[in-house]
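Observations on the three-dimensional arrangement
Read off the chains here:
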Amino acid sequence: MAEPILTLGEVIIRTTDFFRGKGIVTPRLDAELLVGEVLGMDRLQVYLSFDRPMAESEMARARELVRRRAGMEPVAYILGRRDFFGRSFEVNPAVLIPRPETELLVEAALAALRDERWAGEAELRVLEFGVGSGAIAVSLAAEEPRVQVVATEISPAAAEVARRNAERHGVSDRVTLLVQADFEGVGDGFHVLAANPPYVDPADKATMMPDVVNHEPHQALFADNLGYAAIEQVLKAAPELLATGGSVIMEVGAGQMDKTKEIAKAAGLAEVSVIKDYAGIERILVAYKL
Ligand code: GLN
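Thresholds applied
Residues numbered from 1 in each chain as written. Predicted model: local features only at pLDDT ≥ 70, side-chain atom pairs only at ≥ 80, totals over all residues. Heavy atoms only, no water. Axes fitted to C-alpha atoms, helices over the stretch in contact; angles between N-to-C directions. Helix = DSSP H or I, 4+ residues; strand = E, 2+ residues; numbered from the N terminus. Parallel < 35°, antiparallel > 145°, perpendicular 65-115°, else oblique. Left-handed = near helix turned anticlockwise from the far one by under 90°. Contact = heavy atoms within 4.5 Å. Nonpolar A, V, L, I, M, F, W, Y, C, P; charged D, E, K, R; others polar. pLDDT = per-residue confidence, 0-100. Near = heavy atom within 4 Å. Polar contact = N/O pair within 3.5 Å; in protein donor to acceptor, adjacent residues only side chain to side chain. Pairing = 2+ DSSP bridges. Phe/Tyr/Trp six-rings, centres within 6.5 Å; stacked < 30°, edge-to-face > 60°. Buried < 20%, exposed > 50% of the residue type's maximum accessible area, 1.4 Å probe, protein only. Lys NZ or Arg CZ within 6 Å of the ring centre and 35° of its normal.

Quick notes on the packing of helix 1 (residues 8–21) against helix 4 (residues 56–70)
Put simply, helix 1 and helix 4 touch, their axes get as near as 11 Å, and they point 20 degrees apart. The orientation of helix 1 with respect to helix 4, classified from their angle, is roughly parallel. Handedness of the helix 1/helix 4 crossing: right-handed. Facing Val11, Thr15, Phe18 and Phe19 of helix 1, the residues of helix 4 in contact are Met59, Val66, Arg69 and Ala70. When its residues are assigned to classes, the contact of helix 1 with helix 4 shows six nonpolar, one polar and one charged.

A word on the confidence of the model for the chain
Summary statistics for the chain give a mean pLDDT of 97 and a share of 99% for residues scoring 70 or more. For the chain, per-element mean pLDDT is lowest for strand 8 (residues 270–276), which scores 94, and highest for helix 7 (residues 135–143), which scores 99.

Section: the site of the ligand
Near the ligand, the surroundings consist of Leu96, Arg99, Asn196, Pro197, Pro198, Tyr199, Val200, Val212, Ala220 and Leu221. Within the backbone of Pro197, an N or O atom sits 2.7 Å from a nitrogen atom of the ligand. Within the backbone of Leu221, one N or O atom sits 3.4 Å away from an oxygen atom of the ligand. Classifying every residue of the shell around the ligand gives eight nonpolar, one polar and one charged.

Remarks on the sheet that holds strand 5 (residues 175–179)
Strand order in the open sheet formed by seven strands is 5-4-3-6-7-9-8, with mixed pairing between adjacent strands. What marks the edges here is a single partner per strand, and that holds for strand 5 and strand 8. Sheet twist, expressed as the average angle between the axes of neighbouring strands with direction ignored, equals 15 degrees. Where strand 3 (residues 124–129) lies against strand 4 (residues 147–153), five bridges are found, and the strand directions are parallel. Pairing of Glu128 across the sheet is with Ala151, part of strand 4.

A look at the packing of aromatic side chains
Counted by the stated rule, this structure contains five aromatic pairs. Residues Tyr47 and Phe50 carry aromatic rings whose centres are separated by 6.1 Å and whose planes lie at 20 degrees to one another, so their mutual orientation is stacked. For the ring pair Phe84 and Phe89, a centre distance of 6.1 Å and an interplane angle of 80 degrees mean the geometry is edge-to-face. Like Phe84, the residue Phe89 is buried in the burial classification. For the cation-ring pair, Lys205 lies above Phe222, with the distance from its terminal atom to the ring centre recorded as 4.9 Å.

This is the structure:
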């Protein structure tokens, strides 16, 4: 017996209920994004098309995407993209999915780069540690035409994604990608050193969301030394890499800011300040080389 034809609105409602039952945190949003993907619609078009009947072939494709999400695969990997700082970035499981709070890092870096101290500079030199998808490096280059980025990345597969995102947004001539774990040969005199390093304590694995821990790259998430290994690596290297007056702008995890500030001061950095994220968590460190 043929199943009754459902409308788009009915499919969204059923999918939302199904996702909620699975413990998915944003069930409605995820349903809209996935069903919209099948129909080639953005969320506004989805809203305006609730009465539209779903064809059986569309239902089959929607079921496949819904099944993947129910297995806790992140929506961004299913769609192959995520919006960040007003642009769409290709993502795949080789790269961390850009988070909204990391947009605060981009804002802080742009503010530092546009400081009157650098008003006379033809080129604003940015070094990024651990470029991942390229969300930070590409956003900075796309927002500010004077920006020249050198970015390191330990994973060749991630660096490939960053390369494609730089191309997609027309900044590949201003983003140099180096596949390496350290700062060997990157140069010096940078105006900004940006990093969203791996900072999660491996001991936290057991309590992390399955979407994150089962699907996102562990190299991008976890760091030894209670999560501080890469934070420390970046801050200790910063004084040699930065121009006088240059700044380190780095994201850290919840509860890590006090110790991170101490590491920054011990490394000889000064004028340390902190930006809170949307949840009120001290998230972005800004520290200067005076
Ligand atoms: N914010 C990410 C998370 O909580 C971690 C990102 C990182 O380690 N840089 O999953």
